[in-house]
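Structural characterization, general
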Amino acid sequence: MVAASAPGKLILFGEHAVVFGEPALSVAVSRRTAVHCRPGERATVNDEPLDPGRHPYLAVALRWGDPTRPLALEIESDIPVASGMGSSAAVTVALLACLGNPRGPLDRETLARGGFEVEHEVQGRASPIDTTTVTEGGGILLLPEPEEGLLWTIRRDDRVWHLHRCDLPPLTLVVGSTGIEAATGPLVASVQARVDRDPSAREAVARIGAIALEGREALVHGDVARAGALMAENHALLNGLGVGHPLLDKLVEACRPHAYGAKLTGAGGGGSMIALTDEPRRVTAAIQAAGGTPYMVSTEPRGVVRNARA
Ligand code: PMV
């Protein structure tokens, strides 16, 4: 039996724009997915036959293993599915960690690259932000140019992402899930179509990238008021790109009196929003009263680990 677990993630600034190679900032969070693998007669997930329609990330990731030795997978997770909290990246990277040599050291760069390939294949188009964040843990900054703190560089087509470690002060974040599951691939494709036909959408993508850099500066210097204002601007730009949802707006609005700022996080179209606050109980109550499901999370320094239960 081999087991591995990986944390969830939240994108603080820059989702969607990062797919075009713009800067983005994300952080691993204190919820995890664990994958336990043992040899089986056929591939199974929690004792059911593996269904690639239901588990596309697992089906693609398993191709990185030995096809002649089917695996029985047991998945345990406290990351809500399709909520913008990185459940697919966590399960993908944890499984890839199980498929490597169980006695060798974990090669995080190879896992992050493999995880990106899997996400790219399943979603049709993707950035490496989710898979690098859950692999490495802590804060991650994607930049079009390398800087101090460079972890690795990933290229695809004409896009290049330099992935950096980014030390952030501890942040209190409350996630508000709409409970509406929206697949990432079609949302990413819809933003691409909008950018192709509308120059102002291209400008919005560039402004989101600039916000990610300004947001990093604000957070690193403890200027949470500025970070909150940037979150509000980022949220409005994402709405303009067509990935918002009325319930996300309602949750963002409900948090306003008790938060520095709030915005949708991840692919949108439903999914979740985040609020940056030092009144997490009030924000939690506000999200609940507005019809969302709140999750209080803290930042998580530990990325993927092998042979540890979630
Ligand atoms: O909602 P999630 O966790 O799948 O995040 C998607 C983030 C996007 O920027 C929309 C896509 C990507 O691959 O970066």
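Description of the structure in this document. (Residues numbered from 1 in each chain as written. Predicted model: local features only at pLDDT ≥ 70, side-chain atom pairs only at ≥ 80, totals over all residues. Heavy atoms only, no water.)

**Considering the packing of aromatic side chains**
Per the stated rule, a full pass over the model turns up 1 aromatic pair. When the centroid spacing of 5.7 Å and the interplanar angle of 70° are considered together, the rings of Phe116 and Trp161 count as edge-to-face. On the criterion of sequence distance, the pair formed by Phe116 in helix α3 (residues 108-123) and Trp161 in strand β8 (residues 159-165) is long-range, its members being 45 residues apart. One exposure class covers both Phe116 and Trp161, and it is buried. (Phe/Tyr/Trp six-rings, centres within 6.5 Å; stacked < 30°, edge-to-face > 60°. Helix = DSSP H or I, 4+ residues; strand = E, 2+ residues; numbered from the N terminus. Buried < 20%, exposed > 50% of the residue type's maximum accessible area, 1.4 Å probe, protein only.)

**Some details on the state of the cysteines**
Tallied over the full model, the rule gives 0 disulfides. A disulfide-free cysteine, Cys37 has its sulfur positioned 3.7 Å from the sulfur of Cys98, the nearest such atom. Here Cys37 falls in the buried class, since its relative accessible area comes to 5%. Judged by its relative accessible area of 6%, Cys98 is buried. (Disulfide = S-S within 2.5 Å.)

**Considering the pattern of salt bridges**
Where charged atoms of side chains with opposite charge meet at close range, the side chains can pair. One pass over the structure, following the stated rule, counts 16 salt bridges. Here Arg156 ties to Glu117 by a salt bridge, and the two come within 2.7 Å at their closest N and O atoms. Of this pair, Arg156 sits in strand β7 (residues 150-156) while Glu117 sits in helix α3, placing them 39 residues apart in sequence. For Glu147, the salt bridge is made with Arg216, and the minimal N-O distance between the two is 3.7 Å. Remark: Arg216 occurs in helix α6 (residues 199-220) and Glu147 occurs in the loop between β6 (139-143) and β7; sequence separation between them is 69 residues. (Salt bridge = Lys/Arg side-chain N within 4 Å of Asp/Glu carboxyl O.)

**Some thoughts on the packing of α6 against helix α7 (residues 224-240)**
Across the interface, α6 lies against α7 with an axial gap of 9 Å and an inter-helix angle of 165°. Classified by the angle their axes make, α6 and α7 are roughly antiparallel. The two elements α6 and α7 meet at a crossing, and its hand is left-handed. The segment α6 lies against α7, with Ala204, Arg207, Ile208, Ile211, Glu214, Gly215, Ala218 and Leu219 engaging Arg226, Ala227, Leu230, Glu233, Asn234, Leu237 and Leu238. (Axes fitted to C-alpha atoms, helices over the stretch in contact; angles between N-to-C directions. Parallel < 35°, antiparallel > 145°, perpendicular 65-115°, else oblique. Left-handed = near helix turned anticlockwise from the far one by under 90°. Contact = heavy atoms within 4.5 Å.)

**Points about the site of the ligand**
Residues in close proximity to the ligand total 17 residues, the closest being Lys9, His16, Ser127, Thr184 and Ala267. Asp130 places a polar side-chain atom, nitrogen or oxygen, 3.0 Å from an oxygen atom of the ligand. In isolation the ligand has 390 Å² of accessible area, and contact with the protein removes 96% of it. When residues of the shell around the ligand are traced back to their parent elements, those giving at least two are β1 (2-13), α4 (129-136) and α5 (184-197). When grouped by side-chain class, the residues that make up the shell around the ligand number 7 nonpolar, 7 polar and 3 charged. (Near = heavy atom within 4 Å. Polar contact = N/O pair within 3.5 Å; in protein donor to acceptor, adjacent residues only side chain to side chain. Areas by Shrake-Rupley, 256 points an atom, 1.4 Å probe, with all protein chains shown as cover. Nonpolar A, V, L, I, M, F, W, Y, C, P; charged D, E, K, R; others polar.)

**Considering the nonpolar core**
In terms of nonpolar packing, the biggest core is built from 99 residues, with Leu10, Leu12, Phe13, Val35, Leu73, Leu219 and Met273 touching the most fellow members. If sequence neighbours within four positions are ignored, Leu219 has contacts with Leu12, Phe13, Leu25, Leu168, Pro169, Leu171, Ala227 and Leu276. (Core = buried A, V, L, I, M, F, W, Y, C linked by side-chain atoms within 4.5 Å.)

**Observations regarding the side chain of Glu136**
Along the chain, Glu136 turns up in helix α4. Here Glu136 is in contact with Arg108, Leu151, Trp152, Arg165, Pro301 and Gly303, once residues within four sequence places are set aside.

**A word on helix α2 (residues 87-99)**
Taking 1.5 Å per residue as the helical rise, α2 with its 13 residues ought to reach 18 Å, and the 19 Å between its terminal C-alpha atoms agrees with that figure. Burial of α2 is extensive: 12 of the 13 residues sit out of reach of the surface. (Expected span 1.5 Å × (residues − 1).)

**Some words on the packing of α2 against α4**
Running from amino to carboxyl end, α2 crosses α4 at an angle of 60°, the nearest separation of the two axes being 9 Å. Considered as vectors, α2 and α4 are oriented oblique to each other. As α2 packs across α4, the resulting crossing turns out to be right-handed. Contacts from Ala89, Ala90 and Val93 of α2 reach α4 at Asp130, Thr131, Val134 and Thr135.

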